Amino acid sequence: MRSPFFVAIVLIWVALGSIAAGTVTVVDQAGREVVISPPVRRVVSLYGVATMYLYALGVQERLVLGTYVGLKPGSPPWEALVSVDPGLPDKYARTRPSLEEVLAREPDLVLANPWKDPGAAEEFAAFGVPVVLLRAEDVEGIRGATELLGKIFGVSDRAKRLLAYFEANVRRLADFVSERELPSPRVLFVGTRPLRVASGEMYQTQLIELAGGDPVTAELRGYWQDVDIEQVLLWDPEVIFIAPYGKVTPKDLLTDSVWQAIRAVQDKRVFKMPRVFAPWDIPTPESFLGLLWMAAKLHPELGIDVVAEAGVFYREFYGYELPEDLIAVVGG
Amino acid sequence: MKRRGIWPALVLFPVAAVFVSLFIGRYPMGLGEVVRSLLFLGGVPPTSRALILGVRLPRALGAALVGGYLAGAGAAFQGIFRNPLVDSRILGVSAGAAFGAALALLLGIPWYLVEGFAFAFGLLAVFLVVLVARRFGGSVLVLIISGILVGSLFSAFLGLIKYLADPLDVLPAITYWLLGSLSGTRWDAVGKLFVVCVMGAGALLLLRWRLNVLSLDEREAVALGVNATRLRTWVILAGTLLVAAAVSQAGMIGWIGLITPHAARALVGPDHSRVIPASMLMGAGFLTVLDLLSRSLMASEVPLGVLTGIVGVPAFLFLFMRHLARGGGWR
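The shown structure was predicted, so the numbers you read here are calculated from the model rather than taken from an experiment.

Thresholds applied
Residues numbered from 1 in each chain as written. Chains lettered and ligands numbered in written order. Predicted model: local features only at pLDDT ≥ 70, side-chain atom pairs only at ≥ 80, totals over all residues. Helix = DSSP H or I, 4+ residues; strand = E, 2+ residues; numbered from the N terminus. Rg over C-alpha atoms; globule rule 2.2 N^0.38 Å. Buried ≥ 20, exposed ≤ 12 C-beta atoms within 10 Å, placed from the backbone. Contact = placed C-beta atoms within 7 Å. Domains from an automatic or database assignment. Nonpolar A, V, L, I, M, F, W, Y, C, P; charged D, E, K, R; others polar. Axes fitted to C-alpha atoms, helices over the stretch in contact; angles between N-to-C directions. Parallel < 35°, antiparallel > 145°, perpendicular 65-115°, else oblique. Left-handed = near helix turned anticlockwise from the far one by under 90°. Pairing = 2+ DSSP bridges. Core = buried A, V, L, I, M, F, W, Y, C linked by C-beta atoms within 7 Å. Expected span 1.5 Å × (residues − 1). pLDDT = per-residue confidence, 0-100.

A. Seen up close, the overall build of chain B. Each helix and strand counted, chain B has 13 helices and zero strands in total. From first element to last, N terminus to C terminus, chain B shows the α and β order α-α-α-α-α-α-α-α-α-α-α-α-α. In terms of overall dimensions, chain B is globule-like: its C-alpha atoms have a radius of gyration of 20 Å, near the 20 Å expected for 331 residues. Based on the C-alpha atoms only, the size of chain B along its principal axes is roughly 65 × 55 × 35 Å. Relative to its 331 residues, chain B shows a buried fraction of 52%. In chain B, 76% of the contacts between residues at least 6 apart in sequence involve partners at least 24 apart.

Here it is in C-alpha cells:
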C-alpha cells in the first residue's frame, strides 16, 4: 500500500526533476499534455498550415523539415519564400515525410494535425519525440495555435502582436459595417472548379462573414461541395471569389454564357484571391490580409488600401518587401 | 421469354427520362417556360432558356449516351467472355482511362485534353491486353488474366499519381473525376460523345447477331465458320471505344455496365441480338434518371457513383432475383 506521503514525495521529485531538466508542459489543441524541453531548436512540421506560422513568428530557421500549402518548387510563391528562408530547398517536403525521414533530421519536436495525420502522436512518441497537435482550421483554432506556438518557441510577444493585428482588423471591419449600416452582399467562394464551392463549415465562409458579406453556401455542410449551375443561379451571388490555387480564372466565369445570368458576372465582380507565400484563403497568418482583401472587394466604399496594408504586414512579420509583380497581384 | 410491347416501352424509357429531366431542377421554372423554350417561342426569360436548352438538355442527353454506352459495352463483354460477372473493368479500360485522366491533371495539361488522355489510355490498356492475349493463344482465360494484370498495373500507376498530386488543387480534381459526374456537360461534350461512339455503338449493333456464336463453345463456333478470336477482338475494340468515351466524359461511373445487361436479359431473353440494344436503352434511361436525382435532390450534387450504387443495386437485384425465381439463367 502506497502512503499519501510516498505519493507526495514522488510528485515533488518529478516536479523538481522537470525544473532541473528545464521542461515545459503545454496542452496542445487536441487537449493532450505534451512535455517539451526548450529551447526547441529543431522542429519538423507535418502540417502545412502550421509551417506558415513559423515564418510569421520569425522562427523559420528552426524548421528542419516541413510540408507546405500547395507549394511547388520554382513557382513565384517558392521564390518569395526562399527570399525569407534561403534554407527552403533543404527543408521542403513535397509530401508527408516518413517516420525515418523525420527521425533522420533529429527533431526536438514534431507539429502535426490530428485530422490529417491521426497516427502521428503515437508514431513519434515511441521514439521519444514529442508531438504537438494543432488545429488552425478556424478563427478559434488560429488563436489557439498562435498562442501555443509563441509559448513553445519562446516568442510569445511576437505571437501576441500577430494576433492583435488580426483582432484589430476584425474589430475594425465589424465597426465599419455596423456604423455605416452597409448591406451584406451575397458571396460565393469557388474552388478548383467553377461549380466546386466552399461549404458553410469552412474557414473561407468565416472570412466572408467577418469581411461583411453574406455567404450563400452557409447551409452547406462538410468540405468543398460540388453544386449544379441551377443552384448557383438560385443563390445569385453578387460577388464571387475564386480560390488562389487551381486553374479557374475570373475570365472563365465572365465569358460563360450560362453564368451571364448571375449578378456578380453581370457586375464583373468576380475576383481571384492573391497568394504571396501561402494562399490567402487558407487559415495561415496571411489570411489576415485575405480578410482585408475580401472586405475591400465587398465594400469598396471603405477605401481599404490592400497594397499598403500588405506592405506593412509582410515587412513587420516576415521582414519581406513585396516586389513589383506581387504588388500588382495583391492590388489586382 | 418474349413479351409483346416490350420494345416500345424500352425505347420510350430513355426518351421519357430525357424529356422529364427538362422540367426538373433546382431552379424553379414553369411548365410553360420549358415548353416554350423547346419550341423556340418567345416570352421566356433568357436565363430560363439558357438553362433548359444550354444546360438541362445537353446534360440529360449526355447522361443517356453515357448510360447507353456503358450498358451496351457491358452486355457485349459479358457475351464474349461467357461470364455474367464481367464489365468494362475486366479489360483494364476503366483503369487505363482513369490513369490517363489523372496523368493529364497531374501534368497540368489543359482541361479539354484530359478527356483525350483518358480516351487514349483506355484504348492503350485494351490494346496491351489484346496483344498479350494473342501472344498466348487468345483464349478467354488468357484474355481475362491479361486484362486483370494490365488493369492492376494502371491502378498502381494511378495510386502513384494520387500520392504525388498536390493535395490542394490537383488531388481534388483527380478525386472528383474518379467519382464520376455529368456536371458541366454541355453541347460540345454531347457532340464528342455522339460522334466518337456512333462507330462503336454501330459496330456492336451490327455484330450482335454473331455474338450468339461466341457464347457457344469455341470449337462449335469454329465449326460454324466463325473466326472466334477475330470476332472477339472486334467486339472488344468497339466496346472499348464506348467505355473510353463514356469514362473520359463522365469519369468512373461504376456498376451500370455490370447489372443493366442482367435486367435486359430478364426482359428480352438471352439472345444477344436483343440483349445489346435492350441494355443500351435501359442504361440510357436509367443513368438519365439517376443524374436527374444527382443534380436536384440537394443543394450540392450527390456523386453519381454513389447514386448508381444506392438506388440501382437494390432495384436491379429485385429484377434479377425475380428472373432467377422464374427459372431463368443468366444467358
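There is more to say, and it comes next.
B. Broad picture of the overall build of chain A. Within chain A, the regular secondary structure consists of 15 helices and 13 strands. At 22 Å, chain A has a C-alpha radius of gyration in line with the 20 Å of a compact globule built from 332 residues. Overall size of chain A, expressed as C-alpha extent along the three principal axes, is 80 × 45 × 35 Å. Every one of the 332 residues in chain A was classed for burial, and the buried ones make up 45%.

C. Representation of the domain arrangement of chain A within the structure. Residues and elements named next belong to chain A. Domain annotation of chain A identifies domain 1 (27-154) and domain 2 (180-331). Computed over C-alpha atoms, the centres of domain 1 and domain 2 are 27 Å apart. Listed as interface residues are 18 residues of domain 1 and, on the opposing side, 17 residues of domain 2. Of all the secondary-structure elements, those providing two or more residues to the side of domain 1 that touches domain 2 are helix H2 (48-56), helix H3 (76-84) and helix H7 (139-152). Residue composition of the side of domain 1 that touches domain 2, grouped by class: 13 nonpolar, three polar and two charged.

D. Summary view of the packing of helix H3 (residues 46-80) of chain B against helix H10 (residues 228-250) of chain B. All names here are of chain B. At a minimum axis distance of 9 Å, the contact between H3 and H10 shows a crossing angle of 150°. The angle between H3 and H10 places the two elements in the roughly antiparallel class. In the crossing of H3 with H10, the sense of the turn from one axis to the other is left-handed. On H10, the residues touching Gly-62, Val-66, Tyr-69, Leu-70, Gly-72, Ala-73, Ala-76, Phe-77 and Ile-80 of H3 are Arg-232, Val-235, Gly-239, Leu-242, Val-243, Ala-245, Ala-246, Gln-249 and Ala-250.

E. Quick peek at the interface of chain B and chain A. Contacts between the two partners involve 22 residues from chain B, matched on the other side by 22 residues from chain A. If you list the elements that add at least two residues to the side of chain B that touches chain A, you get H3 and helix H7 (170-179) of chain B. The greatest single-element share of the side of chain B that touches chain A, amounting to five residues, is contributed by H3 of chain B. Tallied by class, the residues present in the side of chain B that touches chain A amount to ten nonpolar, seven polar and five charged.

F. Here's a closer look at the sheet that holds strand S3 (residues 43-45) of chain A. All names here are of chain A. A sheet is described by the order of its strands in space; here five strands give the open sequence S5-S4-S3-S6-S7, paired in parallel fashion. Lying at the two open borders of the sheet, with one neighbouring strand each, are strand S5 (92-93) and strand S7 (131-133). Pairing of S3 with strand S6 (residues 109-112), which is carried by three bridges, proceeds in the parallel orientation. Looking at the pairing, Ser-45 lines up with Leu-111 of S6. Of the strands in this sheet, S3, strand S4 (63-67) and S6 touch H2, which is tilted by about 140° from S4.

G. Geometry of H2 of chain A. Residues and elements named next belong to chain A. Extensive coverage of H2 is indicated by the burial of nine of its nine residues. Among all positions in H2, only Gly-48, Val-49, Ala-50, Thr-51, Met-52, Tyr-53, Leu-54, Tyr-55 and Ala-56 are buried. One or two steps after H2, the chain reaches Gly-58, where phi turns positive at roughly 75°.

H. Just the packing of H3 of chain B against helix H12 (residues 272-296) of chain B, in detail. Residue and element names in this part refer to chain B. The contact between H3 and H12 brings their axes to 6 Å, and the two run at 145°. The two elements H3 and H12 meet at a crossing, and its hand is right-handed. Residue classes in the contact of H3 with H12 are distributed as 16 nonpolar, nine polar and two charged.

I. Representation of the nonpolar core in the model. Counting 203 residues, the largest nonpolar core has Val-110 and Leu-111 of chain A together with Val-66, Tyr-69, Ala-101 and Leu-242 of chain B as its most contacted members. With 18 residues, H3 of chain B is the largest single contributor of residues to this core. Both domains that furnish three or more residues to this core are identified here as domain 1 (27-154) and domain 2 (180-331) of chain A. Among residues more than four places away in sequence, those in contact with Tyr-69 of chain B are Cys-197, Ala-201, Leu-242, Val-243, Ala-245 and Ala-246 of chain B.

J. View of the pairing of strand S1 (residues 24-27) of chain A. Residues and elements named next belong to chain A. By the bridge criterion, four bridges tie S1 to strand S2 (residues 33-36) in an arrangement that is antiparallel. Within the sheet, the bridge partner assigned to Val-26 lies in S2 and is Val-34. Where S1 folds back onto S2 in an antiparallel hairpin, the turn is made up of five residues, including Gly-31, whose phi is positive at roughly 80°.

K. Representation of the environment of Arg-193 of chain A. Position of Arg-193 of chain A among the secondary structure elements: in the loop between strand S8 (186-190) and strand S9 (196-197). Distance from Arg-193 of chain A to Val-248 of chain A, taken between C-alpha atoms, is 6.2 Å for residues 55 residues apart in sequence.

L. Inspection of the pairing of S6 of chain A at higher detail. Residue and element names in this part refer to chain A. Of the two faces of S6, the one lined by Leu-109 and Leu-111 and the one lined by Val-110 and Ala-112 are each fully buried. One ladder, built from three bridges, connects S6 with S7; its direction is parallel. Within S7, the residue paired with Ala-112 across the bridge is Leu-133.

M. Focus on helix H1 (residues 6-21) of chain B. Residues and elements named next belong to chain B. In this model H1 runs 23 Å from its N-terminal to its C-terminal C-alpha over 16 residues, within 8% of the 22 Å that 1.5 Å per residue would give. Every buried residue of H1 is accounted for by Leu-10, Pro-14, Ala-17, Val-18 and Ser-21. Among the structural elements, H3 and H12 are those in contact with the buried residues of H1.

N. Region of the structure containing the confidence of the model for chain B. Residue and element names in this part refer to chain B. For chain B, per-residue confidence averages 83 on the pLDDT scale, and residues scoring 70 or more make up 92% of the total. Mean pLDDT values over the elements of chain B span from 66, in helix H9 (residues 218-223), up to 94, in H1. Interface scoring of the predicted complex returns ipTM 0.75; its pTM is 0.83.

O. Quick look at unusual backbone geometry. Residue and element names in this part refer to chain A. Of the consecutive residues Pro-38 and Pro-39, the connecting peptide bond is found in the cis state with omega at 0°. Along the chain, Pro-39 turns up in the loop between S2 and S3. Of note in the backbone geometry, Glu-106 takes a positive phi value of approximately 50° without being a glycine. Among the secondary structure elements, Glu-106 is positioned in the loop between helix H5 (99-104) and S6. Although it is not a glycine, Asp-236 adopts a positive phi angle of roughly 45°. Note on placement: Asp-236 falls in the loop between helix H10 (229-235) and strand S12 (239-242). Judged by C-beta crowding, with 15 C-beta atoms within 10 Å, Asp-236 ranks as partly exposed.

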